[in-house]
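# Analysis of the macromolecular model
Below are the chains, spelled out letter by letter.
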Amino acid sequence: MNKSDQSSIAVIGDRLSLLNKQLLSKADIPESATNDVSPRKITIIGGHGRMGRLFKEQFSGVGHHVSVLEHQDWGYADQLLNSAELVLVSVPIEYTVDVIKRAAKYLTPTTALCDVTSIKIQSTQAMLEHHSGPVMGLHPMFGPNIKSFLGQKFVICPGRNDEAFLWLLNLIKGQGGELIVCTPEEHDRMMVIIQAVQHFCRLSFGIFLAETRINLEQSLLLSTPSYQQQIESIKRLFSQNSHLCVDIMLATEERCEAINSLANTYSRLARLVRKKDRDALIQEFENIQEFFEEKTRLL
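If you're wondering where the values come from, they're calculated on a predicted model, not measured in any experiment. Once a new chain begins, its residue numbering starts again from 1 and follows that chain's sequence as written. The model is predicted, so local features are restricted to residues of pLDDT at least 70 and side-chain atom pairs to those at 80 or more, both for listing and for counting; the totals for chains, interfaces and linings are taken over all residues. The basis for every side-chain value is the complete set of heavy atoms in the structure, and neither hydrogens nor water enter the calculation.

## Quick word on the nonpolar core
- The term nonpolar core refers to a set of buried residues drawn from Ala, Val, Leu, Ile, Met, Phe, Trp, Tyr and Cys, joined through side-chain atoms within 4.5 Å. We call a residue buried when its accessible area falls under 20% of the maximum for its residue type, exposed when it is over 50%, and partly exposed in between, using a 1.4 Å probe and counting protein chains only. Counting residues in hydrophobic clusters, the biggest one holds 27 residues, and the most contacted among them are Phe55, Phe59, Leu86, Phe149, Phe154 and Ile156.
- Numbering of helices and strands runs from the N terminus, with a helix taken as a DSSP run of H or I at least four residues long and a strand as a DSSP run of E at least two residues long. The element that contributes the greatest number of residues to this core is helix α7 (residues 166-174), accounting for 5 residues.
- Pairs of residues are marked as contacts when any of their non-hydrogen atoms sit within 4.5 Å. Ignoring anything within four residues of it in the chain, the contact list for Phe59 reads Ile42, Ile44, His64, Val66, Leu86, Leu88, Leu168 and Leu171.
- Among the nonpolar cores identified, the runner-up in size contains 18 residues, and Leu80, Leu107, Leu113 and Val135 belong to it.

Written as structure tokens, this is what we have:
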């Protein structure tokens, strides 16, 4: 790592530290932002999708003026986007960058541009490159079935002119949401495991249960709390849009490689089970015990 890289990382670290203080502590949010309840003009691109509808309901519910732009509405893009104070991009992963490029042509330099996709490097770079105004990446860490932001996590990836988003972040926090600040690179690295691999695990187990024709109701009657939680998480996965779930797994090469690595781990352990290699399985178990015990001490 050269001195230039080290300097850049130090600047990012200082900036994130400052943002954490600004965004996560009410005392540090300017009083004008805290007390600002004036209605904002918001346009949600993809506002008729499930996540888009959720944000529309939450914004409208506190008095903001929300418009929606769908794929058939680009003929009206100038009036829907040019006067908006916030444009929120809520479209499938595969279309996000193209939609950002297309929308940016209609934005004023004061329009705040934000996206809610689960891949942050590509979308944040596209917003910064194609829009000269305020930019922020936002990733809601929940599905669209919730009723409010209470208790929900939002990952915030700062881009440019972060103060333009303070009213939005204050709204989320005021409704009980939790704000977590990180870089797009940190976000995408962690989402490989948190999202893509977890989706694959739940998908695999769901398919396995269906193929074995298990009596799910009876299994829940006889189950432990951890099994019940696992079944609930699988049910939540399969209540979502199939295209979205698959796109989350396939979104980047890193995600595909991690899932393949997990599949190799399953295969390796399954071979030990087939051979009834008790000693090897115990060794695997104890090795991982040491890993988690060490991590627990650090926490």
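## Details of the side chain of Asp73
- You can see Asp73 is positioned in the loop between β2 (65-69) and α4 (77-81).
- The charged-residue count follows a simple rule in which Lys and Arg add positive charge and Asp and Glu add negative charge, with His and chain termini not counted at all. A pair is scored as a salt bridge if a Lys or Arg side-chain nitrogen falls within 4 Å of a carboxyl oxygen belonging to Asp or Glu. Within the buried set, Asp73 has no salt-bridge partner at all; the shortest N-O distance to an opposite charge, 11 Å, is to Arg102.
- Ignoring sequence-local partners within four residues, the contact set of Asp73 consists of Val68 and Leu80.

## Observations regarding the pairing of strand β5 (residues 135-140)
- β5 sits mainly inside the fold: 6 of its 6 residues count as buried.
- Here β5 shows a buried face lined by Val135, Gly137 and His139 and a second buried face lined by Met136, Leu138 and Pro140.
- A pair of strands is treated as paired once DSSP finds two or more bridges between them. Sheet analysis places strand β4 (residues 112-115) next to β5, joined by 3 bridges and oriented parallel. Of the residues in β5, the one forming a bridge with Cys114 is Met136.
- A crossover counts as right-handed when, viewed with the strands pointing away from the observer, the path leading from the first strand over the helix to the second turns clockwise. In the classification by handedness, the crossover that spans β4, the intervening helix α6 (residues 120-130) and the parallel β5 is right-handed.
- Note that β5 and strand β6 (residues 153-160) share 6 bridges and pair antiparallel. Across the sheet, the residue bridging to Met136 is Pro158, located in β6.

## With respect to the packing of aromatic side chains
- Stacked, edge-to-face and tilted labels apply to pairs of Phe, Tyr and Trp rings (six-membered ring for Trp) whose centres lie within 6.5 Å, assigned for plane angles under 30 degrees, over 60, and everything in between, in that order. Counted according to the given criterion, the structure contains 8 aromatic pairs.
- Relative to Tyr106, the ring of Trp74 lies with its centre 6.4 Å away and its plane at 35°, an arrangement referred to as tilted. One end of the pair, Trp74, is in the loop between β2 and α4; the other, Tyr106, is in the loop between α5 (93-104) and β4, and 32 residues separate them in sequence.
- Overall, Trp74 belongs to the buried group, its relative accessible area being 11%.
- Centre to centre, the rings of Phe142 and Phe149 are 6.2 Å apart; their planes meet at 45°, and the pair counts as tilted. Taken individually, Phe142 and Phe149 each receive the classification buried, so the pair is uniform in this respect.
- Taken together, the ring pairs connect Phe55, Phe59, Phe142, Phe149 and Phe154 into an aromatic cluster.

## Side note on the environment of Leu244
- Relative to the assigned elements, Leu244 resides in helix α11 (residues 242-250).
- Since its relative accessible area comes to 36%, Leu244 is described here as partly exposed.
- The sequence separation of Leu244 and Pro92 amounts to 152 residues, and the corresponding C-alpha distance is 6.8 Å.

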